[in-house]
Amino acid sequence: MAPALVAGGLLVGGTDILDGDVGLAADSSVTLVGHGHGHGRGLGQWGAYGYAKKGWSADQILRHYYGNTTAGKVGKSDVTVSLSEKKSVSVHAAAGMRVGGQTVAPGQAVSLSGGNATITRGCGGPVVKTVPATQVDPINTAPNRPANELLTFCAGDEAYRGSVGLGSSGVVNKLHVDDYVKGVIPKESMPSWGDSGGLEALKAQAVAARSYILAGLEQGRKMDNTQSSQMYHGAGGEDPRTSRAADATAGQIRLLNGKPALTEFSASTGGYTAGGDFPAVVDAGDSISPTHNWKATVSAASIASAFGVGSLKSFEVSEANGLGDGSGRAVKVRVVGTNRTVEATGDQARVKLQLKSDWFAVQGQKSMPKIVKPKVGPEAPGGGGGLLDLSPLTDVLNKVVPGLSALGMPDDIDGITGQIQPLIEKLIEEGTKALDMKATALERPVSRERSDNSQGSTGTVSAPELITDGHGMRGLVQVLENGVLYFSPLTGAHALFGGALTDYLEKGGLEKLGYPNRDGLN
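Residues numbered from 1 in each chain as written. Predicted model: local features only at pLDDT ≥ 70, side-chain atom pairs only at ≥ 80, totals over all residues. Heavy atoms only, no water.

Asks: Before we move on, could you go through the sheet that holds strand E17 (residues 259-260) and cite the residues and values that matter?
Replies: One open sheet accounts for three strands, arranged E3-E16-E17; its pairing is antiparallel. Strand pairing shows two members of the sheet lacking a second neighbour, strand E3 (70-73) and E17, which therefore form its edges. Bridging between E3 and strand E16 (residues 252-256) involves four bridges; their strand directions are antiparallel. Each bridged residue has a counterpart across the sheet, and for Gly-72 the counterpart in E16 is Ile-253. (Pairing = 2+ DSSP bridges. Helix = DSSP H or I, 4+ residues; strand = E, 2+ residues; numbered from the N terminus.)

Here it is in structure tokens:
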């Protein structure tokens, strides 16, 4: 590992522009070589698209990026979002509205101010009535209503699902979370992905957007319609392709410790996620991202000004996470100037220098950054969450491991942590029994001697190994003298020998085909 890290840290081919004893000229520049776009935490949108094009399901994508989470369902369905650019409320709806217990007829409008609602004939027309109210409701508050029932602002003609109100925090939109998600996905992703093999990525984005808003509100965050929360501008920006993804995942979220997970996402991870609430994982899908690799040249004067150090003497990455190309993401940078020395995080440098991400290295840097690795998740496709997310298979799994049906269900989520190890042990115990029975049935006795052989070998016998397949299913694999035994709770125990084994491996084996569901003995 050490030689590889040193080579990555050196970034050979650059010019040695950093010298602690010699200040950089004001017109000098620093070249940064980077990867990705955004903070890199959680789902990478381009990576999700890349994985979808490879055949991954939305569930696989979500489990990969959001390790330690489980599938869940929406509890409280209504969300409230601040419409940050709106300063007042004056709305109309073709089908009519309701405000302050009053029915507002089609053709009438409502304005809110000072705790009162003023009903007028059309926008800005003669006053019909004034009633105490701070919120205007659609004629029907159910989700997924037709366009003529949506509240539309008189200024700008922007339509919103749900209710619109005016409070201490300004103008807000209260609506069903599934309606909200329909307005988020086309602003945060690319609807055209739905036409080019990326529907599963859009579905994953829908679940992430739904989880994020619910988690934010539960944590007491003020959720608005900008990039500081999630981009959202009502029903006007909805797209049939992204709405299809929202409908297909209605009510689905990710849970962390029994609560909605704050499922952050960014445009491009650069090939490795940043870690944080979710373990860092390889993002092979990101290879198609237009910002998978990038280079930026920043003037010495700009760096000095951004960090307030006087004239710049040196700028270097002092700590990095060691994941992916080079030394990985910049954890800390050190900026030395004629007036002072400043240490900052890689993310602070990203913001101050307006870089695409905090995964960058200084071309020509002489010293290797100190490596500080975050928690790293499994690299298996869709492996994030692994055994934790088996709730769709509970009927089958319960026959193998009694009581497993509770795993991952929202009403018993608090007990998951204590269940994990016993369930893994039980899975191994029951799987080993099944493998022994299969071996006995085939009259091919199995030795318990351990070897270094991995799945796919037909050499020395090995003990069973716990392996996750490309679909996120945990099971056991055991190498025999001239074949392989496979076991998973879904498929049971099966043996592959000779040409059947060769054919299975050539077609992708566990990663592509998953655990075999029948024997292949020739």
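That covers the picture; the talk isn't over yet.
Asks: Lay out the pairing of strand E21 (residues 330-337) with the relevant residues and their values.
Replies: In terms of strand pairing, strand E20 (residues 312-320) meets E21 through seven bridges, oriented antiparallel. Its bridge partner lying in E21, Phe-315 is registered against Val-335. The pairing of E21 with strand E22 (residues 341-345) spans five bridges and is antiparallel. When the sheet's bridge partners are listed, Val-333 is paired in E22 with Ala-344. The loop that links E21 with its antiparallel partner E22 comprises three residues.

Asks: Summarise helix H2 (residues 45-53); cite the residues concerned and give the values.
Replies: Most of H2 sits inside the fold, with eight of its nine residues counted as buried. Those residues of H2 not exposed but buried are Gln-45, Trp-46, Gly-47, Ala-48, Tyr-49, Gly-50, Tyr-51 and Ala-52. Buried residues along H2 sit in contact with strand E2 (43-44), helix H3 (58-65), helix H4 (177-188), helix H5 (199-218) and strand E18 (265-266). Among the residues trailing H2, Gly-55 stands out with phi positive, at a value near 105°. (Buried < 20%, exposed > 50% of the residue type's maximum accessible area, 1.4 Å probe, protein only. Contact = heavy atoms within 4.5 Å.)

Asks: For the layout of surface pockets, give the residues involved together with the corresponding values.
Replies: One way to see where empty space is left: roll a probe the size of a water molecule over the atoms. A volume near 470 Å³ is recorded for the largest pocket. Contributions of two or more residues to the lining of the largest pocket are made by H4 and E18. In terms of residue class, the lining of the largest pocket is made up of four nonpolar, nine polar and four charged. (1 Å grid on protein atoms, 1.4 Å probe; cavity = no way out; pocket = protein on both sides within 12 Å on 5 of 7 lines; lining within 4 Å. Points joined across faces, edges and corners; volume = space filled by probe spheres on them. Nonpolar A, V, L, I, M, F, W, Y, C, P; charged D, E, K, R; others polar.)

Asks: Describe the side chain of Arg-210, with residues and values.
Replies: Tracing the backbone through its elements, the reader meets Arg-210 in helix H5. The exposure class of Arg-210 is buried, given its relative accessible area of 0%. Beyond its immediate chain neighbours, meaning those up to four positions away, Arg-210 contacts Val-74, Val-177, Asp-178, Val-181, Ala-246, Thr-249, Ala-250, Gly-251, Gln-252 and Ile-253.

Asks: I'd like to hear about the nonpolar core, residue by residue, with values.
Replies: By size, the foremost hydrophobic cluster in this structure holds 63 residues, and its most contacted members are Ile-61, Val-99, Val-110 and Tyr-180. The leading source of residues in this core is H5, at twelve residues. Ignoring any residue separated from it by four or fewer positions in sequence, one finds Val-110 in contact with Val-89, Ser-90, Val-91, Met-97, Val-99, Val-104, Ala-117, Thr-118, Ile-119 and Val-136. Listed in part, the 24 residues of the second largest apolar core include Ala-296, Ala-300, Phe-307 and Ala-344. (Core = buried A, V, L, I, M, F, W, Y, C linked by side-chain atoms within 4.5 Å.)

Asks: Report on the packing of aromatic side chains, specifying residues and quantitative values.
Replies: Taken as a whole and judged by the stated rule, the model has twelve aromatic pairs. Measuring from ring centre to ring centre gives 6.1 Å for Tyr-160 and Tyr-232, while their planes differ by 70°; the resulting arrangement is edge-to-face. A residue pair is termed long-range when its members are at least 10 positions apart, and Tyr-160 in strand E13 (residues 159-160) and Tyr-232 in the loop between H5 and helix H6 (240-248) qualify at 72 residues. Look at Tyr-232 and you get buried, because its relative accessible area is 1%. Three or more aromatic residues link up through ring pairs in this structure, and these residues are Phe-153, Tyr-160, Tyr-180 and Tyr-232. The residue whose ring lies beneath Lys-86 is Phe-153, and the NZ or CZ to ring-centre distance is 4.3 Å. Geometry around Phe-307 places Lys-352 over its ring, the cationic atom sitting 5.7 Å from the centre. (Phe/Tyr/Trp six-rings, centres within 6.5 Å; stacked < 30°, edge-to-face > 60°. Lys NZ or Arg CZ within 6 Å of the ring centre and 35° of its normal.)

Asks: Describe the pattern of salt bridges, and please don't skip the residues or the numbers.
Replies: Summed over the entire model, instances satisfying the criterion amount to 15 salt bridges. Of the charged contacts in the structure, one is a salt bridge between Arg-145 and Glu-149, with a shortest N-O distance of 2.8 Å. (Salt bridge = Lys/Arg side-chain N within 4 Å of Asp/Glu carboxyl O.)

Asks: Residue-level account of the environment of Phe-278, with values.
Replies: Inspection of the secondary structure puts Phe-278 in the loop between E18 and strand E19 (294-299). Residues within four places of Phe-278 in sequence aside, it is in contact with Gly-42, Tyr-65, Tyr-66, Gly-67, Thr-69, Leu-256, Ala-261, Leu-262, Thr-263 and Glu-264.

Asks: Before we move on, can you summarise the environment of Gly-42 with the specific residues and values?
Replies: Turning to its location among the elements, Gly-42 is positioned in the loop between strand E1 (29-34) and E2. Judged by its relative accessible area of 4%, Gly-42 is buried. Among all residues touching Gly-42, those that are not within four sequence positions of it are Tyr-65, Tyr-66, Glu-264, Thr-269, Thr-273 and Phe-278.

Asks: So what about the packing of H5 against H6? Which residues, and what values?
Replies: Contact pair H5 / H6: the axes reach a minimum separation of 8 Å and the direction vectors enclose 60°. For the element pair H5 / H6, the angle class is oblique. The crossing of H5 and H6 is right-handed. The residues of H6 that touch H5, namely those facing Leu-199, Leu-202, Lys-203, Ala-206 and Arg-210, are Arg-241, Thr-242, Arg-244, Ala-245, Ala-246 and Ala-248. Of the residues belonging to the contact of H5 with H6, the class tally is six nonpolar, one polar and four charged. (Axes fitted to C-alpha atoms, helices over the stretch in contact; angles between N-to-C directions. Parallel < 35°, antiparallel > 145°, perpendicular 65-115°, else oblique. Left-handed = near helix turned anticlockwise from the far one by under 90°.)

Geometry only, nothing functional implied.
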